[in-house]
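So the chains spell out like this:
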Amino acid sequence: MRYQDVFMTDSAWPCSTSGMAATATHFARQVGTAVKEKIGRTKRAQVPWYTSLMAAASRALVERLPLVDLIVEVRDARIPLSSECELLRNNLCSSRQIIALNKADLAGRSGSQAWTDYFRRTNCISCGVDAHNKESTKELLGLIQRQVRELMGTSHANYTATVMLIGIPNVGKSALANSLHQVGRISAAEKGKLRHATVSPEPGETKDIRSFKIGSHPNIFVLDTPSVLSPDVPDVEVLSKLILTGTIGDCLVSRKEIAKYFLAILNSSEQYKKWVKLSSDNTVGIYHGIPTGCLTFSEFEGKKKKQIPTDHTQDDIVCHVRRTLFETVSSFDGNISYEDEMGTLIARQFAALQEAFHVSAECGEDAHVKVAGKLLNLFRTGRLGHYILDHLP
């Protein structure tokens, strides 16, 4: 099966797809290697993410795994293999386990479907889900209810089942628990104030195990659990993917290096071609999804005044960033299958993005660090397209 979500398949491009993939891999290895070297320099080479709290949480989860009726392993749809939970690695997929590929909206529908098809062929029950989409959550809830009924049998009319959400940091377990709780309670016509799990963009926010009701007849409770990562350092490529998607904090390596890795992926992909309509070569631009040709001058200026120039999430700035990335890649006449020429293109992009993000040149060397932070935020929130970083086996 072709891997279209990240790497180009357009034969008209002057360099080979495999060459560009290798170049992106080079930047990935730079990130992973830098982190490994930093960990190696620490006292006893202790991995910074495996805290005493995570170790205790891991032991607690191992003890509870045999006691729950169903396990929902939450993974990041952008890294379906790299986000596998090590605690479940030795457990073969069975009817007691569902793989939920959360953040499917960031991976794209076709890409997520390809991975659910792959897991189905390996006898694993899986589905793509967007924890912030009600209909998507309903589909996962329906799958959970069917599996619970199948496991418990029809002879148990009023049983209670326990479902455990488990996964590595920042895959969206708490957001998914909240969404299942809200959808399940509403569909069961139950009243009362809803409890909510704490949700944060930072990894490791959930500190304890909490229970939320997600269904009646049968009664189903979901356990939101602390995130767990292996105390072992993964290989450099997996490590770089975990850092890029926010599973591991950015403090272990320069954000600029992480952003370079993302730009290498973007430049090697088809994604930027979708932004051709934003090019300054077009006579009609796009503003907030509206062709600027449909706005009078006073309307356009009025909309611009309402924007906050320093807010990089504003629609006009996001469009400017997309246009900048499209123009820098499409106008580059080098061969990006070579690492040094990819590096040249990325350097040009940083310079151009500094203007797009309204980062002052007075910031000096910190300017590119600020650009990198803003760029990574847009990638992680899906504003720069759909990406899947793992290859289908």
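How each quantity is defined
- Residues numbered from 1 in each chain as written.
- Predicted model: local features only at pLDDT ≥ 70, side-chain atom pairs only at ≥ 80, totals over all residues.
- Heavy atoms only, no water.
- Pairing = 2+ DSSP bridges.
- Helix = DSSP H or I, 4+ residues; strand = E, 2+ residues; numbered from the N terminus.
- Axes fitted to C-alpha atoms, helices over the stretch in contact; angles between N-to-C directions.
- Core = buried A, V, L, I, M, F, W, Y, C linked by side-chain atoms within 4.5 Å.
- Buried < 20%, exposed > 50% of the residue type's maximum accessible area, 1.4 Å probe, protein only.
- Contact = heavy atoms within 4.5 Å.
- Salt bridge = Lys/Arg side-chain N within 4 Å of Asp/Glu carboxyl O.
- Expected span 1.5 Å × (residues − 1).

Caption draft 1: Representation of the sheet that holds strand β5 (residues 210-215). In space, the 6 strands of this open sheet follow the order β3-β2-β1-β4-β6-β5, with mixed pairing throughout. Lying at the two open borders of the sheet, with one neighbouring strand each, are β3 (125-129) and β5. Adjacent strand axes in the sheet meet at a mean angle of 25°, parallel and antiparallel pairs treated alike. Pairing analysis gives 5 bridges linking β5 to strand β6 (residues 219-224), with the strands arranged antiparallel.

Caption draft 2: Summary view of the nonpolar core. Within the largest apolar cluster, 95 residues are counted, with the highest numbers of intra-cluster contacts made by Ile-144 and Val-321. Counting residues per element, this core draws most heavily on helix α8 (residues 255-267), which supplies 8 residues. Every residue in contact with Val-321, bar those within four places of it in the chain, is listed here: Leu-353, Ala-356, Phe-357, Leu-375, Leu-378 and Leu-384. Formed by 12 residues, the second largest nonpolar core is a distinct cluster that contains Leu-101, Ala-104, Ala-107 and Trp-115.

Caption draft 3: The arrangement of the pattern of salt bridges in detail. One pass over the full model with this rule turns up 11 salt bridges. Glu-73 is the salt-bridge partner of Arg-75, the closest N and O atoms lying 3.1 Å from each other. Residue Arg-75 shares its accessibility class with Glu-73, and that shared class is buried. Of the charged contacts in the structure, one is a salt bridge between Asp-117 and Arg-120, with a shortest N-O distance of 2.8 Å. With Asp-117 and Arg-120 both in helix α4 (residues 109-121) and 3 residues apart, this pair spans about one turn of that helix. According to the relative accessible area criterion, Asp-117 is partly exposed, its value standing at 25%. Beyond isolated ion pairs, a larger network of salt bridges with shared partners links Asp-250, Arg-255 and Arg-380.

Caption draft 4: Inspection of helix α12 (residues 366-380) at higher detail. In this model, α12 (15 residues) spans 21 Å end to end at C-alpha, consistent with the 21 Å of a helix rising 1.5 Å per residue. All buried positions along α12 are accounted for by Ala-367, Val-371, Ala-372, Gly-373, Lys-374, Leu-375, Leu-376, Leu-378 and Phe-379. Here the buried face of α12 lies against α7 (236-244), α8, α10 (315-330) and α11 (339-356). Following α12 by one or two positions, Gly-382 has its phi on the positive side, about 85°.

Caption draft 5: Main features of the environment of Val-318. Structurally, Val-318 can be placed in helix α10. For Val-318, a relative accessible area of 7% gives the class buried. For the pair Val-318 and Phe-357, spaced 39 residues apart in sequence, the C-alpha separation works out to 8.6 Å. Apart from the residues lying within four places of it in its own chain, the contact partners of Val-318 are His-312, Thr-313, Leu-378 and Arg-383.

Caption draft 6: Examining the pairing of strand β4 (residues 160-166) more closely. Along β4, 5 of the 7 residues are buried, which leaves the element largely enclosed by surrounding structure. Note: strand β1 (residues 70-76) against β4, 4 bridges, orientation parallel. Paired with Ile-71 across the bridge in β4 is Met-164. Where β4 meets β6, 6 bridges bridge the pair, whose relative direction is parallel. Bridge pairing in β6 places Ala-161 opposite Ile-220.

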